[in-house]
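Coordinate inspection notes
As a plain string of letters, each chain reads:
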Amino acid sequence: MTTEEQNEANLAALRRDCQPDSALEEEAFERYAWATRQAKRFRQAETEAEERYSNDPGNPNLLFQLERILKMAIAQERRADRALKALRDLQKDRFAAYEVQAELHAMGRAVEIPKSLPVTELRKSNLQRTNPNYLAQFLLYQTQELKDFMAAPQTEPNEANPFAHMEMDELRDWLKARGL
């Protein structure tokens, strides 16, 4: 098997394991795959440099080469670790967003959740509220419909519009006070 075929096989195996599902996840996956391939190359070069140095331990150039290669290998491994962490974070957000989408669907609403929204972090924040229903309601109240409603001319409160007198900050406070 040629080096190119081996690289393609490794890439296919990584893709099966990681299963990127969006452009953002694909970008993180590609950074991970590239850094992983580079780290493997530097590990191979490190093995070769160690062998050369062990044959001539008094040569300062060989020691310098070995140190340089080792630093580059470590840098690539760190890159791979960071890219894999970014991919995992995006995938956690994707699965957390599925739960929120289900809650929104149960409420009869179709609100698109951006792929870049850190849903997992949002669920951890705000007094550790982790219920996807809470986040679904939070996203629902951030819709254009509510913003348009709040931007409409203010009238006196009535049964059809009990919030007409409230400013946006007041409405948010009112919603927060009720756990929404």
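Residues numbered from 1 in each chain as written. Predicted model: local features only at pLDDT ≥ 70, side-chain atom pairs only at ≥ 80, totals over all residues. Heavy atoms only, no water.

**Re the packing of helix α1 (residues 3-18) against helix α2 (residues 23-55)**
Here is the rule: Where helices are involved, their axes are fitted lines through C-alpha atoms of the stretch in contact, as for all axes, and angles between N-to-C directions lie from 0 to 180°. Helix numbers and strand numbers start at the N terminus; a helix is a DSSP run of H or I with at least 4 residues, a strand a run of E with at least 2. Angles below 35 degrees are treated as roughly parallel, those above 145 as roughly antiparallel, those between 65 and 115 as roughly perpendicular, and all remaining angles as oblique. Crossing handedness follows the turn of the near helix against the far one: under a right angle anticlockwise gives a left-handed crossing, and clockwise gives a right-handed one. A contact between two residues is defined here by any heavy atoms of the two lying within 4.5 Å. Amino acid classes used here: Ala, Val, Leu, Ile, Met, Phe, Trp, Tyr, Cys and Pro are nonpolar; Asp, Glu, Lys and Arg are charged; the rest, including Gly, are polar.
Across the interface, α1 lies against α2 with an axial gap of 11 Å and an inter-helix angle of 135 degrees. With respect to α2, the axis of α1 lies oblique. Considering the relative orientation of α1 and α2, their crossing is right-handed. Listed contacts from α2 to Asn7, Asn10, Leu11, Leu14, Arg15 and Cys18 of α1 are Glu26, Phe29, Tyr32, Ala33, Thr36, Arg37 and Lys40. Its residues placed into classes, the contact of α1 with α2 shows six nonpolar, three polar and four charged.

**Quick notes on α1**
Along an α-helix, a turn takes 3.6 residues, which lines up residues three or four apart on a common side. Threshold: Here a helix's expected span is defined as the number of its residues, less one, multiplied by 1.5 Å.
For α1, spanning 16 residues, the distance from its first C-alpha to its last is 22 Å, which sits close to the expected 22 Å at 1.5 Å a residue. Two residues or fewer after α1 comes Gln19, characterised by a positive phi angle close to 50 degrees.

**Quick notes on the pattern of salt bridges**
Pairing between side chains of opposite charge can happen when their charged atoms approach one another. Note the following rule: One side-chain nitrogen of Lys or Arg within 4 Å of one carboxyl oxygen of Asp or Glu is enough to make a salt bridge. Remark: exposure states derive from per-residue accessible area (1.4 Å probe, protein chains only) relative to the maximum for the residue type, with buried under 20%, exposed over 50%, and partly exposed in between.
A complete count under the given rule lists six salt bridges for this structure. A salt bridge links Arg94 to Asp21, with the shortest nitrogen-to-oxygen separation between them at 3.8 Å. In this pair, Arg94 sits in helix α3 (residues 60-106) while Asp21 sits in the loop between α1 and α2, placing the two residues 73 residues apart along the sequence. With relative accessibility at 16%, the residue Arg94 sits in the buried group. On the accessibility criterion, Asp21 (43% relative accessible area) is partly exposed. In this structure, Asp89 engages Lys92 in a salt bridge whose closest nitrogen and oxygen atoms are separated by 3.8 Å.

**Re the nonpolar core**
Put simply, the test is: Only buried residues count toward a nonpolar core. Its members are Ala, Val, Leu, Ile, Met, Phe, Trp, Tyr and Cys residues joined through side-chain atoms within 4.5 Å.
Within the largest apolar cluster, twelve residues are counted, these being Leu14, Cys18, Ala28, Phe29, Tyr32, Ala33, Ala35, Ala80, Ala83, Leu84, Leu87 and Leu90. Listed by contribution, the elements that provide at least two residues to this core are α1, α2 and α3. If near-sequence neighbours (up to four positions away) are discounted, Leu14 is found in contact with Phe29, Tyr32, Ala33 and Thr36. Counting seven residues, the second-largest nonpolar core is a separate cluster that includes Ala96, Ala97, Leu104 and Ile113.

**A word on the confidence of the model for the protein chain**
We count it as follows: Note: pLDDT gives the predictor's confidence per residue, expressed from 0 to 100.
Residues of the protein chain with pLDDT of at least 70 account for 69%, and the chain-wide mean is 80. Highest mean pLDDT in the protein chain belongs to α2 (94); lowest belongs to helix α6 (residues 144-151) (57).

**Some thoughts on the side chain of Gln76**
Structurally, Gln76 can be placed in helix α3. With residues near it in sequence (within four places) discarded, Gln76 still touches Trp34, Ala35, Gln38, Ala39 and Phe42.

**Considering the packing of aromatic side chains**
Stated precisely, the cut-off is as follows: Side-chain rings of Phe, Tyr and Trp (the six-membered ring for Trp) are treated as a pair once their centres are within 6.5 Å; stacked means planes under 30 degrees apart, edge-to-face means over 60, and tilted covers the remaining angles.
Within this structure, the stated rule accounts for one aromatic pair. Ring centres of Phe95 and Tyr98 lie 5.4 Å apart, and the angle between their planes is 90 degrees; on these two criteria the pair is classed as edge-to-face. In this pair, Phe95 and Tyr98 both sit in helix α3, three residues apart, roughly one turn of the helix. The exposure class assigned to Tyr98 is partly exposed, which follows from its relative accessible area of 41%.

**Topic: the side chain of Glu25**
What counts, and what does not: Counting of polar contacts relies on pairs of N or O atoms within 3.5 Å, with two restrictions inside protein: one atom must be capable of donating a hydrogen and the other of accepting it, and residues adjacent in sequence are counted only when both atoms are side-chain atoms.
With respect to the element layout, Glu25 can be found in helix α2. Note on Glu25: relative accessible area 2%, which makes it buried. Looking at Glu25, its side chain comes within polar contact range of the side chain of Arg94, at 2.8 Å. Setting aside residues no more than four positions away along its own chain, Glu25 makes contact with Gln19, Pro20, Leu87, Leu90, Gln91 and Arg94.

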